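Structural features, examined
Now for the letters of each chain:
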Amino acid sequence: MVLERIKIVQGDITKQQVDAIVNAANSSLLGGGGVDGAIHRAAGPQLLAECQTLNCCATGEAKITRGYNLPAKWVIHTVGPIWRGGDNREEELLARCYRSCLTIAESYEIKTIAFPAISTGAYGFPVERAAPIALGEVKQFLESKEAIAQVIFVCFGADKYHCYDKSVKEMTG
Ligand code: APR
């Protein structure tokens, strides 16, 4: 059952004991605030040094680096869409972020991966709309692929956690 392979937790993604964590980066991949800042702080300066070799990342795409001082072996950096009202393909681009990260994870034989709520902070994407997109994309990917054992959505605040939890319940009907 696919939903058994999806977990929603409230916490700090930099503490997750998983094979890979996903970073909600910006297109420069050179760090920032929010979860990007937290991941770089926890991983240490070698993360930025490797990111500097990646030559940016387009919105919706993803690139992988090692995790350095993080418990996670890998960091998959993705660039979410900036919310501009919803008529600029934001939903499609957010969905593509999840697919891009999972595709890379599968190719690196990653079994457990943790996602933050991409774009729902500085990028302003309403979490009520982002959560069903995130869960729907992950569910669809896991339905067709067995390789990834578990996807964990790590919500930093109670409000976002409840939103994701509600979306999962709606998915199970
Ligand atoms: N663990 C898990 N989630 C976190 C953490 C953390 N340690 N810190 C923040 N978050 C959550 C936020 O609460 C939000 O729900 O990550 C989600 C994404 O918020 P942002 O980090 O602001 O990312 P985003 O909205 O995608 O904006 C990206 O912000 O930090 C810059 O460099 C980044 O320019 C890029 C932009």
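Details of the structure are given in the entry above.
Throughout what follows, the structure given in this document is the object of discussion. Remember, it's a predicted structure, so these values are computed and weren't measured experimentally. Per chain, the residues get numbers from 1 upward, laid out in the order the sequence is written. Thresholds applied to this predicted model are a pLDDT of at least 70 for local features of residues and 80 or more for the giving and counting of side-chain atom pairs; totals over whole chains, interfaces and linings are not thresholded and use all residues. The basis for the side-chain values is all heavy atoms of the structure; hydrogens and waters are excluded.

Further remarks concern the pairing of strand β6 (residues 150–155). For each residue, the accessible area found with a 1.4 Å probe, counting protein chains only, is set against the maximum for its type, and the residue is called buried under 20%, exposed over 50%, and partly exposed in between. The secondary structure listing takes helices from DSSP runs of H or I that are at least 4 residues long and strands from runs of E that are at least 2 residues long, numbered from the N terminus. In terms of residue burial, β6 counts as a mostly covered element, since five of its six residues are buried. Only strands that DSSP links by at least two bridges are regarded as paired with each other. The pairing of strand β1 (residues 6–10) with β6 spans five bridges and is parallel. Bridged to Ile8 within β6 is Phe153. Where strand β5 (residues 112–115) lies against β6, four bridges are found, and the strand directions are parallel.

The ligand sits among 21 residues. The nearest are Asn26, Gly33, Val35, Asp36 and Gly121. Under this definition, polar contacts are N or O atom pairs within 3.5 Å; protein pairs additionally need one hydrogen-donor-capable and one acceptor-capable atom, and for neighbouring residues in sequence, both atoms have to be side-chain atoms. Side-chain polar atom of Thr120 to an oxygen atom of the ligand: 2.9 Å apart, as the coordinates give it. Measuring from an oxygen atom of the ligand, one finds a backbone N or O atom of Tyr123 at 3.0 Å. If you list the elements that add at least two residues to the shell around the ligand, you get β2 (20–25) and α1 (34–43). Ranked by residue count, the leading element in the shell around the ligand is α1, at four residues. Each residue gets one label: Ala, Val, Leu, Ile, Met, Phe, Trp, Tyr, Cys and Pro are nonpolar, Asp, Glu, Lys and Arg are charged, and the others, such as Gly, are polar. Partitioning the shell around the ligand into residue classes produces nine nonpolar, nine polar and three charged. To be near a molecule or strand, a residue needs just one of its heavy atoms within 4 Å of it.

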